[in-house]
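# Remarks on the overall topology
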Amino acid sequence: MSKQFDVVVIGGGPGGYIAAIRAAQLGFQVACIDEWKNAAGGPAPGGTCTNVGCIPSKALLQSSEHFDHANHHFAEHGISATGVKMDVAQMIARKDTVVKQNNDGILYLLKKNKVTFFHGRGSFAGQAEGGYTIHVAGKTEEAISAKQVIIATGSNARALPGTPFDEVNVLSNDGALRLGAVPKKLALIGSGVIGLEMGSVWRRLGAEVTILEGLPTFLGAVDEQIAKEAKKAFDKQGLKIELGVKVGEIVNGKKGVTVHYTNAKGEAVKLDADKLIISIGRVPNTIGLNTEAVGLQLDERGAIVVDADCKTNLPGVWAVGDVVRGPMLAHKAEEEGVAVAERIAGQHGHVNFNTIPWVIYTSPEIAWVGRTEQQLKADGVAYKAGSFPFLANGRARALGDTTGMVKMLADATTDEILGVHIVGPQASELIAEAVVAMEFRASAEDIARICHAHPSLSESTKEAALAVDKRSLNF
Ligand code: FAD
Ligand code: NAI
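Keep in mind it's a predicted model, so treat the numbers as computed, not measured. (Residues numbered from 1 in each chain as written. Chains lettered and ligands numbered in written order. Predicted model: local features only at pLDDT ≥ 70, side-chain atom pairs only at ≥ 80, totals over all residues. Heavy atoms only, no water.)

This brings us to the site of ligand 2. Taken together, 22 residues lie near ligand 2, and Ile194, Glu213, Gly281, Met328 and Val359 sit nearest. A distance of 3.0 Å separates a nitrogen atom of ligand 2 from a polar atom in the backbone of Gly214. Within the backbone of Val359, an N or O atom sits 2.7 Å from a nitrogen atom of ligand 2. Protein contacts shield 74% of the accessible area of ligand 2, which totals 840 Å² for the unbound molecule. The class makeup of the residues in the shell around ligand 2 is 12 nonpolar, 6 polar and 4 charged. (Near = heavy atom within 4 Å. Polar contact = N/O pair within 3.5 Å; in protein donor to acceptor, adjacent residues only side chain to side chain. Areas by Shrake-Rupley, 256 points an atom, 1.4 Å probe, with all protein chains shown as cover. Nonpolar A, V, L, I, M, F, W, Y, C, P; charged D, E, K, R; others polar.)

Rendered as structure tokens:
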């Protein structure tokens, strides 16, 4: 007889563990199965985000930013710091501690909410009594069953055909986050989110970084003006980004990696590097789920097919996060997890895809919500634009970081905010105001009339809103 639950969640990343907690809050008996192991073989819930994604990357970005500041920015404040050295092992150990704090925090939260945690791989064993039997393979093997199953099995790094990740020289995000030393020469393929964040970490620590991007445009999904401003800052930092390349043969040798590629001018180029990070997107993960046992439908990319409510083709089976369509973001996975738990309880969970913020944690940070200027043009929407540079913001001057701007786009007739795009200091925090405003369908004038603390970076958002009506006060 298998153990019975109301809801079984397969995967304990941000989509899965949050869905499990919300379902438990709603009064269900919930099990959450996650197979991630820490170095000692113990459970490490939190998924990609906690173990090899959002959290460790931000820890390394923070450490490397401190190093960069000590070397390049302390002097202007009158602080002399000579002989500043980077202890990479200590930086990685700190990152591992941050990860473990998050793993332990999630285990605590699951326990607090009376979610039964299983450490092992969950797979469909078949249908049973109007529900599903899930086989759990961990230190021991057991079967559990439930009428409702939420799949949140995440994604894996996409490899280039013929160039498998060895995590020694050819690195995915996993290896890129635990290098033992600063490579002299670092090559990256793909100048998307991971390429820019990881490239920034190792460049700040002294690596000579080259990023090869297949597309002719830089950050095509970002508002063009913002992407241009960011590119200028990255160029100045020495982050070498080559656009429009065609990557050819990659030779993984004893001493390092050689990437053969054709550049935008059509010339054949050979790039030698000590390490190569491949960051060309991620693929949905359904490995080991045994989807065939129950006939779960996947699309041609391997993603689980779901409708707008995250329902799969099977009754009582739902899927959320990176394993389904939509942006591969932790907060999107979490929102879907909450919404599904609420739908199972008969409530009306909702995820607004139009107000999901994006952040790239480089320096300057890049953050946006809503539509870009190029999207509005393509959609034939009449809009007004207003922007405000951090150069004219007192707090940014005091911080010593005046790169970038806030840009607001509003409907030409109704003044409703349609998009906010930021490149500059603390963009990750500033974007929250724009998300709230758009969620409440605020107009640019609403933001312009709100009292913002002085001096603060957020005054730039107010000024951008004023600029929509061509009445900026400080620029
Ligand atoms: P995951 O986090 O991948 O979790 C899936 C879990 O399911 C894993 O623990 C896996 O072991 C487990 N699992 C899989 N199959 C089974 C099975 N059969 N049985 C049991 N367990 C199973 N997003 C952001 O929003 N902000 C960021 O700053 C950010 N930074 C990132 C940096 C990097 C380097 C990377 C790679 C990603 C980053 N992301 C970021 C993306 C974010 O990590 C993902 O969008 C998010 O983790 C997706 O959550 P998920 O729950 O869908 O899947
Ligand atoms: P990405 O989709 O952001 O970028 C991949 C880049 O690689 C694109 O610019 C693409 O044009 C390029 N590319 C693809 N194939 C190529 C090839 N053969 N040769 C050269 N270039 C090629 O994917 P990335 O950076 O791997 O990250 C995966 C996902 O993880 C992101 O889309 C995002 O959803 C998530 N993530 C989010 C972060 C955040 O929110 N701050 C941080 C890191 C990752």
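Having seen it, we continue.
Before going further, it helps to examine the environment of Val8. In this fold, Val8 is placed in strand 1 (residues 3-10). Between the alpha carbons of Val8 and Lys147 there is a distance of 8.3 Å; along the sequence they are 139 residues apart. (Helix = DSSP H or I, 4+ residues; strand = E, 2+ residues; numbered from the N terminus.)

Looking now at the sheet that holds strand 8 (residues 185-189). Within the open sheet, the 5 strands sit side by side as 7-14-8-9-10. Their pairing is parallel. Unpaired on one side and paired on the other, strand 7 (170-171) and strand 10 (240-242) mark the two borders of the sheet. Bridge count between strand 7 and strand 14 (residues 275-278): 2 bridges; the pairing is parallel. Across the sheet, residue Val170 finds its bridge partner in strand 14, namely Leu276. (Pairing = 2+ DSSP bridges.)

Moving on, we get to helix 6 (residues 193-204). Under the 1.5 Å per step criterion, the end-to-end length of helix 6 is 17 Å for 12 residues, consistent within 8% with the ideal 16 Å. Gly195, Leu196, Glu197, Met198, Gly199, Ser200, Val201, Trp202, Arg203 and Arg204 are the residues of helix 6 that are buried. (Expected span 1.5 Å × (residues − 1). Buried < 20%, exposed > 50% of the residue type's maximum accessible area, 1.4 Å probe, protein only.)

Backbone-to-backbone hydrogen bonds join strands into a sheet, with any given pair of strands oriented parallel or antiparallel. The strand order across the open sheet built from 3 strands is 11-12-13, with neighbouring strands paired in antiparallel fashion. Of all strands in the sheet, those bounded by a partner on one side alone are strand 11 (246-252) and strand 13 (268-273). The sheet shows a mean angle of 20° between the axes of neighbouring strands, taken without regard to direction. Of the strand pairs in this sheet, strand 12 (residues 257-262) and strand 13 are connected by 6 bridges, and their pairing is antiparallel. For Tyr261, the partnering residue across the bridge sits in strand 13 and is Val269. (Axes fitted to C-alpha atoms, helices over the stretch in contact; angles between N-to-C directions.)

Close contacts around ligand 1 come from 38 residues, with Asp34, Thr48, Lys58, Gly122 and Asp322 the closest. Within the backbone of Cys49, an N or O atom sits 3.3 Å from an oxygen atom of ligand 1. Asp322 is positioned such that a nitrogen or oxygen atom in its side chain is 2.8 Å from an oxygen atom of ligand 1. When the free accessible area of ligand 1 is taken as 1000 Å², the share hidden by the protein chains comes to 94%. Contributing elements (two or more residues each) for the shell around ligand 1: helix 1 (14-25), strand 2 (30-34), helix 2 (47-52), helix 3 (54-72), strand 3 (116-128) and helix 8 (330-344). Counting residues per element, the shell around ligand 1 draws most heavily on helix 2, at 4 residues. Its residues assigned to classes, the shell around ligand 1 comprises 14 nonpolar, 18 polar and 6 charged.

Now for the pattern of salt bridges. In a structure, side chains of opposite charge can pair up when their charged atoms sit close to one another. Using the criterion set out here, one finds 21 salt bridges in the structure. The salt bridge partner of Glu142 is Lys3, with a shortest N-O separation of 3.1 Å. One end of the pair, Glu142, is in strand 5 (residues 141-151); the other, Lys3, is in strand 1, with 139 residues separating them in the sequence. For Glu142, a relative accessible area of 25% puts it in the partly exposed group. Residue Lys407 pairs with Asp223 through a salt bridge whose shortest N-O separation is 2.8 Å. (Salt bridge = Lys/Arg side-chain N within 4 Å of Asp/Glu carboxyl O.)

Moving on, we get to unusual backbone geometry. Cis geometry marks the peptide bond from Ser363 to Pro364; its omega dihedral reads 0°. Of note, Pro364 is situated in the loop between strand 17 (358-360) and strand 18 (365-370). Cis geometry marks the peptide bond from His454 to Pro455; its omega dihedral reads -10°. Within the fold, Pro455 resides in the loop between helix 12 (444-448) and helix 13 (459-468).

A few words on the side chain of Ser64. Counting through the fold element by element, Ser64 comes out in helix 3. There is a polar contact of 3.2 Å between the side chain of Ser64 and the side chain of Arg204. Ignoring anything within four residues of it in the chain, the contact list for Ser64 reads Val201, Arg204 and Leu205. (Contact = heavy atoms within 4.5 Å.)

Turning our attention to the domain arrangement of the chain. By the assigned domains, the chain splits into domain 1 (3-157 + 283-351), domain 2 (170-280) and domain 3 (357-468). Here the C-alpha centroids of domain 2 and domain 3 sit 29 Å apart. Domain 2 puts 18 residues into the contact, and the matching count from domain 3 is 20 residues. Roughly 1500 Å² of surface becomes buried between domain 2 and domain 3 when both sides are summed, with 65% attributable to carbon and sulfur atoms. The interface formed by domain 2 and domain 3 contains 1 salt bridge. (Domains from an automatic or database assignment. Buried area = accessible area lost by both parts, 1.4 Å probe.)

A few words on the packing of helix 3 against helix 4 (residues 88-112). It is at 9 Å that the axes of helix 3 and helix 4 come closest, and there the two elements cross at 145°. In this structure, helix 3 meets helix 4 at a crossing whose hand is right-handed. Only Met91, Ile92, Arg94, Lys95, Val98, Val99 and Asn102 of helix 4 make contact with helix 3, whose side of the interface consists of Ile55, Pro56, Ala59, Leu60 and Ser63. Partitioned by chemical class, the residues of the contact of helix 3 with helix 4 number 8 nonpolar, 2 polar and 2 charged. (Left-handed = near helix turned anticlockwise from the far one by under 90°.)

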